[in-house]
Structures are given as C-alpha cells and as structure tokens.
Amino acid sequence: MKKWYAVIGDPIAHSLSPFMHDLWMVEHGVDASYIPVHVKPARLKESFDALKTLGVGGFNITLPHKQAIVPFLDELDETAIIMDAVNTVTFDGQSYKGWNTDGDGFVRSLMTEQIALHEKVLIIGAGGAARGIAFALKRANFHDVSIANRTYQRAEELAAATGSEAITMQDAEKSLGDFRIIIQTTSVGLAEGEALPLSLDQIQPDSLVADIIYTPLETPFLKAAKEKGCRILNGVGMFVYQGAIAFEKWTGIRPDTEKMIHIITDKLGGNYVNR
Ligand code: ATR
C-alpha cells in the first residue's frame with residue numbers, strides 16, 4: 001500500500017519539507033507522499049495519536065514541538081537524548097522512535113566544503129541549534145571547537161558537555177582571526193536590519209563562515225563575511241541534509257542532496273553560485 005509521511009508544526013504552511021520529500025520520492029521511485037499537518041501545541045498528543053491511528057510511516061517535527069513530542073515517543077536515539085529534542089520520528093511497525101538529524105545535517109553540509117578536522121572552529125550561540133551542532137562536530141572528530149554566547153554561562157555549560165572551550169563574545173571578537181570555521185547559530189539575522197551577533201573586524205579572508213538560517217539566503221552576517229572575502233555557507237545545506245538523513249531512515253535510500261540544494265536555493269530566489 002502507498003505509504004505516507006508528514007511534518008507537524010505551528011505554523012507549517014511555510015515548510016519546504018513537503019516539497020523536498022515529495023520530489024525525492026518521485027525521483028527515487030518511492031511510492032509514498034509527504035504532507036504538512038498544522039498542529040497547535042495544545043493538541044500535540046491527540047494529533048500524534050491521530051497520525052498513529054491513520055498509519056503514518058514516519059514524520060518530521062518542527063517548531064514549536066521538537067521538545068514537547070519527546071515524552072510521547074516509545075524510544076529515543078542518542079542524538080535525541082542529548083538534545084532532549086526530536087525532529088524525525090521513525091516507525092518500525094512496533095515503536096515510534098525519535099531522532100535528531102539537525103546537527104548531523106549541518107556537519108554533512110559543512111563537510112561538502114574543503115575543510116580539515118583539525119581547523120579551529122567557533123560556534124556563536126549556545127541554544128538548541130548550537131547544541132546539536134556542537135555534539136555533531138564532536139562525533140565527526142573536530143577537536144578544536146570554541147563556543148561563544150551572549151549569555152556566557154550557557155556557553156560554559158555546552159562547552160563542558162562537548163569537551164569544547166567557552167569564550168566570551170568579546171574574546172571571540174578579538175581573536176576571530178584565529179578561527180578558520182565560524183558557525184552562526186543564533187536567531188540574529190532572521191529579521192532585516194538586525195545587528196550582527198559579533199563584529200567581524202578581525203576575521204581572516206580565508207575563513208569559512210556558516211549560518212544555519214536560510215531565509216534570507218544571505219543573512220547580514222554572511223553578507224558582512226562575504227564583503228571580508230570569506231567563503232560563506234548558508235543554511236540550505238543543513239536543511240537538505242537533515243531531511244536526507246530522515247529520508248534515508250524511512251526508505252533506506254540516500255537521496256540526491258546536491259541537486260536538491262540547487263533546487264531549494266532556486267526556489268528561495270537565490271543564485272546557487274553565490275550562496
Ligand atoms: P535555537 O534552538 O534556535 O538555538 P534558542 O535555544 O532560543 O534557539 O537559542 C537562541 C540563541 O541565540 C542563544 O544562543 C541566544 O543567546 P542567549 O543564550 O544569550 O539568549 C542567541 N541570541 C538570540 N538573540 C541574540 C542577540 N540579539 N545577540 C546575540 N545572541 C542572541
């Protein structure tokens with residue numbers, strides 16, 4: 001019988017996941033569909049029960065449900081336990097298992113760039129997204145990672161949990177030239193005209209600067225880094241790879257990610273060459 005998958009969130013209309021997964025299903029000959037489902041927080045439990053009753057094959061979870069879904073799941077993968085948040089649920093016919101593919105999605109995207117594991121990495125931010133990335137970098141064997149955050153204590157906590165180093169935003173600004181890979185994970189840049197989370201005055205032009213945001217494709221942070229001559233990486237790759245890891249868990253098929261990054265970038269009105 002035809003299978004079906006879903007993404008739940010509030011809001012959900014903006015999600016590009018249905019577009020992406022439907023395209024992959026067609027391209028890879030998977031007889032399945034993927035639908036967006038608008039779920040209000042107060043109805044999360046009954047919506048999950050409804051998905052189960054109707055035979056969902058698996059689903060993605062976006063804001064604001066990533067943490068709230070956790071108690072309802074039968075099992076959690078290590079990534080989801082570490083994050084206390086889930087973005088992907090698989091169903092093996094018996095139990096619903098939660099995973100978090102965001103951090104690994106980011107690292108897979110990063111690995112498409114010419115970088116080495118020994119390079120000095122700076123993560124800006126210490127929230128949920130930074131947490132996923134810091135643990136995924138550790139799993140991928142990056143061993144020189146620093147974390148800077150507006151609230152220093154959160155940077156310290158995340159650094160202690162991941163064997164990284166915490167630094168203040170002021171010190172990060174001053175020593176920015178020492179870092180070859182700089183990853184912006186804060187919500188700064190979603191709104192036009194926002195200030196940068198830190199000054200890029202000291203940055204070296206041979207650095208790679210990544211942002212997890214993909215709308216806009218080029219955040220003010222990436223724009224400023226590009227003006228300094230740095231290579232930039234926006235959040236489209238992370239979005240596509242987190243979805244690809246989920247797709248593979250559901251279908252056993254590794255979907256075409258590079259082509260999808262082009263398609264999503266075009267859809268968002270961007271020029272792939274200048275991403
Ligand atoms: P997410 O799950 O998207 O990471 P979060 O857990 O709320 O969201 O974390 C948001 C991150 O953005 C935090 O690191 C936050 O810094 P604080 O810990 O000091 O709050 C950071 N952030 C948000 N607004 C910021 C701003 N204007 N300048 C610098 N950092 C900011």
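A quick note: this is a predicted structure, and the numbers were derived from the prediction, not measured.

Asker: Can you explain the site of the ligand? Please cite residues and give values.
Answerer: Near the ligand you find G125, A126, G127, G128, A129, N149, R150, T151, R154, T186, S187 and V188, and these make up its full shell. A distance of 2.9 Å is found between an oxygen atom of the ligand and a backbone nitrogen or oxygen belonging to A126. A distance of 2.5 Å separates an oxygen atom of the ligand from a polar atom in the side chain of T151. In the complex, 66% of the free accessible area of the ligand, which totals 650 Å², lies under the protein chains. Judged by the proximity of its atoms to the pocket grid, the ligand belongs to the largest pocket.

Asker: Could you give an account of unusual backbone geometry, with specific residues and numbers?
Answerer: With an omega of 5 degrees, the peptide bond between D10 and P11 qualifies as cis. Along the chain, P11 turns up in the loop between β1 (3–9) and α1 (17–27). Following T215, the chain continues to P216 via a peptide bond in cis, the omega torsion being 5 degrees. Relative to the helices and strands, P216 resides in the loop between β11 (208–211) and α8 (220–227). In this model, D84 sits at a positive phi of 50 degrees, which is unusual for a non-glycine residue. Among the structural elements, D84 can be located in the loop between α3 (78–83) and β5 (88–91). With a phi angle near 75 degrees, N141 is a residue other than glycine that sits in the positive phi range.

Asker: How would you summarise the nonpolar core if you had to cite specific residues and measurements?
Answerer: Counting residues in each nonpolar core, the largest one holds 28 residues, and the members touching the most others are F106, L110, I123 and L137. Looking at this core, the elements with two or more residues in it are α4 (102–111), β7 (121–124), α5 (128–139), β8 (145–148), α6 (152–162), β10 (181–184) and β11. When residues of this core are assigned to their parent elements, the largest contribution, six residues, is made by α5. Excluding residues that lie within four positions of it along the chain, I123 makes contacts with A130, I133, A134, L137, V145, S146, I147, A148, I183 and T185.

Asker: Please give an account of empty space enclosed by the protein that cites residues and values.
Answerer: Inspection of the entire model under this criterion finds one cavity of 30 Å³ or more. In this structure, the largest cavity spans a volume of roughly 40 Å³. Taken together, T79, I82, M83, N100, G103, D104, G132, F135 and R139 make up the full set of residues lining the largest cavity. A breakdown of the residues in the lining of the largest cavity according to their chemical character gives three nonpolar, four polar and two charged.

Asker: A description of the sheet that holds strand β2 (residues 32–38) should follow, citing residues and the corresponding values.
Answerer: Judged by pairing direction, the sheet is mixed, and its six strands sit side by side in the order β2-β1-β3-β5-β6-β4 without closing on themselves. Edge strands, defined here as strands with exactly one partner in the open sheet, are β2 and β4 (75–76). As defined by bridge partners, β4 adjoins strand β6 (residues 96–99) across two bridges and the pair is classed as parallel. From the neighbouring strand, L76 faces β6, where its bridge partner is G98. Docked against the sheet, α1 engages β1, β2 and β3 (58–61), running at close to 175 degrees with respect to β2. Along the sheet, helix α9 (residues 236–251) makes contact with β1, β2, β3, β5 and β6, crossing β5 at roughly 5 degrees.

Asker: Give a description of the sheet that holds strand β12 (residues 231–233) that names residues and reports values.
Answerer: Taken in spatial order, the six strands line up as β9-β8-β7-β10-β11-β12 in an open sheet, and their pairing is parallel. What marks the edges here is a single partner per strand, and that holds for β9 (165–167) and β12. Direction aside, neighbouring strands of the sheet carry axes that sit 20 degrees apart on average. Judged from the four bridges that link them, β7 and β10 form a sheet pairing that is parallel. Looking across to β10, one finds that I123 is bridged to I183. Along the sheet, α5 contacts β7, β8 and β10; its crossing angle with β7, the most-contacted strand, is approximately 160 degrees. Together, β8 and β9 form the strand contacts of α6, whose direction differs from that of β9 by roughly 170 degrees.

Calculation notes
Residues numbered from 1 in each chain as written. Predicted model: local features only at pLDDT ≥ 70, side-chain atom pairs only at ≥ 80, totals over all residues. Heavy atoms only, no water. Near = heavy atom within 4 Å. Polar contact = N/O pair within 3.5 Å; in protein donor to acceptor, adjacent residues only side chain to side chain. Areas by Shrake-Rupley, 256 points an atom, 1.4 Å probe, with all protein chains shown as cover. 1 Å grid on protein atoms, 1.4 Å probe; cavity = no way out; pocket = protein on both sides within 12 Å on 5 of 7 lines; lining within 4 Å. Sits in = over half its atoms within 2 Å of the grid points. Helix = DSSP H or I, 4+ residues; strand = E, 2+ residues; numbered from the N terminus. Core = buried A, V, L, I, M, F, W, Y, C linked by side-chain atoms within 4.5 Å. Buried < 20%, exposed > 50% of the residue type's maximum accessible area, 1.4 Å probe, protein only. Contact = heavy atoms within 4.5 Å. Points joined across faces, edges and corners; volume = space filled by probe spheres on them. Nonpolar A, V, L, I, M, F, W, Y, C, P; charged D, E, K, R; others polar. Pairing = 2+ DSSP bridges. Axes fitted to C-alpha atoms, helices over the stretch in contact; angles between N-to-C directions.

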